[in-house]
Amino acid sequence: MIGYYVHHQGRGHLHRAQCIAAHVPGPVTILSSLPRPEAWQGPWVALPPDTTVDPVDATARGRLHWVPVHHDGHRARMGIIAQWITQTRPAVFVSDVSVEAAILARLMGIPVVVAAMRGDRRDEAHRLGYDLADALLAPWPSSLPEPGWPAHWRAKSVHTGSISRYDGRPRPVTRGWHGAANEVVMMLGAGGADVTPEQLQDAADATPDWSWTVLGGPETPWVEDPWPLLCRASVVVTHAGQNAIAECAAARVPAIVIPQDRPYGEQRATARALSDGGLATVRDAWPGPTEWPSLLAEAVARPERWAHWSPGDGAEQAGRLLTALATRYPSQAA
């Protein structure tokens, strides 16, 4: 048995877990406070939420990320994970992502895989979580590493390239840049957006030869499966979240990437790597209306190099890693 902790922010962590679990021969249990997807056929452990607007010493004086004092939800959440580990005795525990969940599993004697994130992770909590991990799962190519990582992190990193639920999925239609009308797909995602409806409207007004389709955000309906829209798009405009970039890469669609402000500079680090690799058109902030015509033309003209970021077998590589770790250590009785 493999345990897989899935963070509740956005949907990318869950999509990645489902992709990887499909390439693990044994059972995988997901532990999360997200709703259980209808398509998930494996075991699922529901965790209570531990969010609060007024936490007390949530970082344990800077040593951890989220351990609010006397919070019933947090205590119950950790207790459920500990009880599940005690009863199930998993061979490996994956944290995607919670330093606290990773520490708890390792304190209970379970080998841990941590899903690595870009950005500056040299704070005390991340250093502890990355240090204790048996392996770091890095869903980006080794040729575009995260700068500043210590040697012992790099030594245990498995660079899979991006992992997408769309890897290997056939494209249903021909893209606009192969002859259909020009279409921009703006992908905001479920993790929050830093762009206003007025900015979107100004961009559309400045590009009358392009049609704009907006996915996600507070004022548009959620699209569970954007794959057909990504495949027909001439250009996708997106933030720099790992899952969003993975989906663009799987679709091999030209992309304009505008990173959002996230803790530890995660999205800006991803955008920097994409720019360094010549994989996407990157802007640090939302462009003004007059910039959009040339920006869309630049994105369409960029040579398509997404295979460098997305080899298509990232989930399979991750599955092999978990399978190998599951048999590395013999079970020991008391």
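As a starting point, this report considers the structure included with it.

### Considering the overall build of the chain
Part 1 of the argument: A tally of helices and strands in the chain yields 11 helices and 12 strands.
Part 2 of the argument: Scaling as 2.2 N^0.38, a compact globule of 334 residues should have a C-alpha radius of gyration of about 20 Å, and the chain matches this with 20 Å.
Part 3 of the argument: Considering only C-alpha atoms, the chain reaches an extent of 70 × 40 × 40 Å along its principal axes.
Part 4 of the argument: Burial status across the chain gives 51% buried among its 334 residues.
Part 5 of the argument: The contacts in the chain between residues at least 6 apart in sequence include a share of 64% that link residues at least 24 apart.
Part 6 of the argument: Surface summary for the chain: the accessible area is close to 15100 Å², and the carbon and sulfur share equals 54%.
Part 7 of the argument: Here the chain contributes 29 positive and 33 negative side-chain charges, whose respective centroids are spaced 8 Å apart.

### Examining the pairing of strand S10 (residues 235-238)
Part 1 of the argument: Here S10 shows two buried faces, one formed by Val235 and Val237 and the other by Val236 and Thr238.
Part 2 of the argument: The pairing of S10 with strand S11 (residues 255-257) spans 3 bridges and is parallel. The partner of valine 237 across the bridge, within S11, is isoleucine 256.

### Observations concerning the pattern of salt bridges
Part 1 of the argument: Counted according to the given criterion, the structure contains 15 salt bridges.
Part 2 of the argument: Across the salt bridge formed by glutamate 146 and arginine 118, the nearest N and O atoms sit 2.8 Å from each other. Here glutamate 146, found in the loop between strand S6 (135-138) and helix H5 (151-155), pairs with arginine 118, found in the loop between strand S5 (112-115) and helix H4 (124-132); they are 28 residues apart in sequence, far enough to count as distant.
Part 3 of the argument: Look at glutamate 146 and you get buried, because its relative accessible area is 8%.
Part 4 of the argument: One salt bridge in this structure joins glutamate 298 and arginine 283, with 2.9 Å as the shortest N-O distance. Note that glutamate 298 is positioned in helix H10 (residues 292-301) and arginine 283 in the loop between strand S12 (281-282) and H10, a separation of 15 residues in sequence.
Part 5 of the argument: Taking relative accessible area as the criterion, glutamate 298 reaches 32% and is therefore assigned partly exposed.

### Notes on the sheet that holds S5
Note: strands within a sheet are paired through backbone hydrogen bonds, in either parallel or antiparallel orientation.
Part 1 of the argument: The parallel open sheet is built from 7 strands, whose spatial order is S3-S2-S1-S4-S5-S6-S7. Across the chains shown, the open sheet's two edge strands, defined by having one partner strand only, are strand S3 (44-46) and strand S7 (157-159). This sheet shows a mean twist of 20 degrees between the axes of neighbouring strands, independent of strand direction.
Part 2 of the argument: Contacts between helix H1 (residues 12-21) and the sheet are confined to strand S1 (2-6), strand S2 (28-32), S3, strand S4 (92-96), S5 and S6, with S1 contributing the most and set at about 160 degrees to the helix.

### What to know about the packing of helix H2 (residues 72-88) against helix H3 (residues 99-107)
Part 1 of the argument: Two numbers describe how H2 lies on H3: the axes approach to 10 Å, and their chain directions differ by 35 degrees. At the point where H2 passes H3, the crossing takes the right-handed sense. Contacts between H2 and H3 involve Met78, Ile81, Ala82 and Ile85 on the former and, on the latter, Ala101, Leu104 and Ala105.
Part 2 of the argument: Here the residues of the contact of H2 with H3 are counted per class, giving 7 nonpolar, no polar and no charged.

### Section: H1
Part 1 of the argument: For H1, the tally of buried residues reaches 9 of 10 residues, placing the bulk of the element in the interior.
Part 2 of the argument: Within H1, the full set of buried residues consists of Gly12, His13, Leu14, His15, Arg16, Ala17, Cys19, Ile20 and Ala21.

### Digging into the side chain of aspartate 134
Part 1 of the argument: If you trace the backbone, aspartate 134 turns up in the loop between H4 and S6.
Part 2 of the argument: Arginine 328 provides the closest opposite charge to the buried, salt-bridge-free aspartate 134, at an N-O distance of 4.1 Å.
Part 3 of the argument: Within the structure, aspartate 134 has its side chain in polar contact with the side chain of tyrosine 329 (distance 2.6 Å).
Part 4 of the argument: Among all residues touching aspartate 134, those that are not within four sequence positions of it are Pro111, Val112, Lys156, Leu325, Arg328 and Tyr329.

### Concerning the nonpolar core
Part 1 of the argument: Among the nonpolar cores identified, the biggest contains 59 residues, and Ile81, Phe93, Val257, Leu274, Trp306 and Trp309 are the most heavily contacted of them.
Part 2 of the argument: In contact with leucine 274, not counting residues within four places along its chain, are Ile245, Val257, Leu279, Ala280, Val282, Trp306 and Trp309.

### Things to note about the layout of surface pockets
Part 1 of the argument: If you add up the space inside the second largest pocket, you get close to 450 Å³.
Part 2 of the argument: Considering the residues around the second largest pocket, the lining is formed by 17 residues, among which Gly109, Ile110, Pro111, Pro330 and Ser331 are closest to the centre.
Part 3 of the argument: Taken together, the elements giving at least two residues each to the lining of the second largest pocket come down to H2 and helix H11 (314-326).
Part 4 of the argument: A class-by-class count of the residues in the lining of the second largest pocket yields 10 nonpolar, 4 polar and 3 charged.

About the thresholds
- Residues numbered from 1 in each chain as written.
- Predicted model: local features only at pLDDT ≥ 70, side-chain atom pairs only at ≥ 80, totals over all residues.
- Heavy atoms only, no water.
- Helix = DSSP H or I, 4+ residues; strand = E, 2+ residues; numbered from the N terminus.
- Rg over C-alpha atoms; globule rule 2.2 N^0.38 Å.
- Buried < 20%, exposed > 50% of the residue type's maximum accessible area, 1.4 Å probe, protein only.
- Contact = heavy atoms within 4.5 Å.
- Areas by Shrake-Rupley, 256 points an atom, 1.4 Å probe, with all protein chains shown as cover.
- Lys, Arg positive; Asp, Glu negative; His and termini not counted.
- Charge placed at Lys NZ, Arg CZ, Asp CG, Glu CD.
- Pairing = 2+ DSSP bridges.
- Salt bridge = Lys/Arg side-chain N within 4 Å of Asp/Glu carboxyl O.
- Axes fitted to C-alpha atoms, helices over the stretch in contact; angles between N-to-C directions.
- Left-handed = near helix turned anticlockwise from the far one by under 90°.
- Nonpolar A, V, L, I, M, F, W, Y, C, P; charged D, E, K, R; others polar.
- Polar contact = N/O pair within 3.5 Å; in protein donor to acceptor, adjacent residues only side chain to side chain.
- Core = buried A, V, L, I, M, F, W, Y, C linked by side-chain atoms within 4.5 Å.
- 1 Å grid on protein atoms, 1.4 Å probe; cavity = no way out; pocket = protein on both sides within 12 Å on 5 of 7 lines; lining within 4 Å.
- Points joined across faces, edges and corners; volume = space filled by probe spheres on them.

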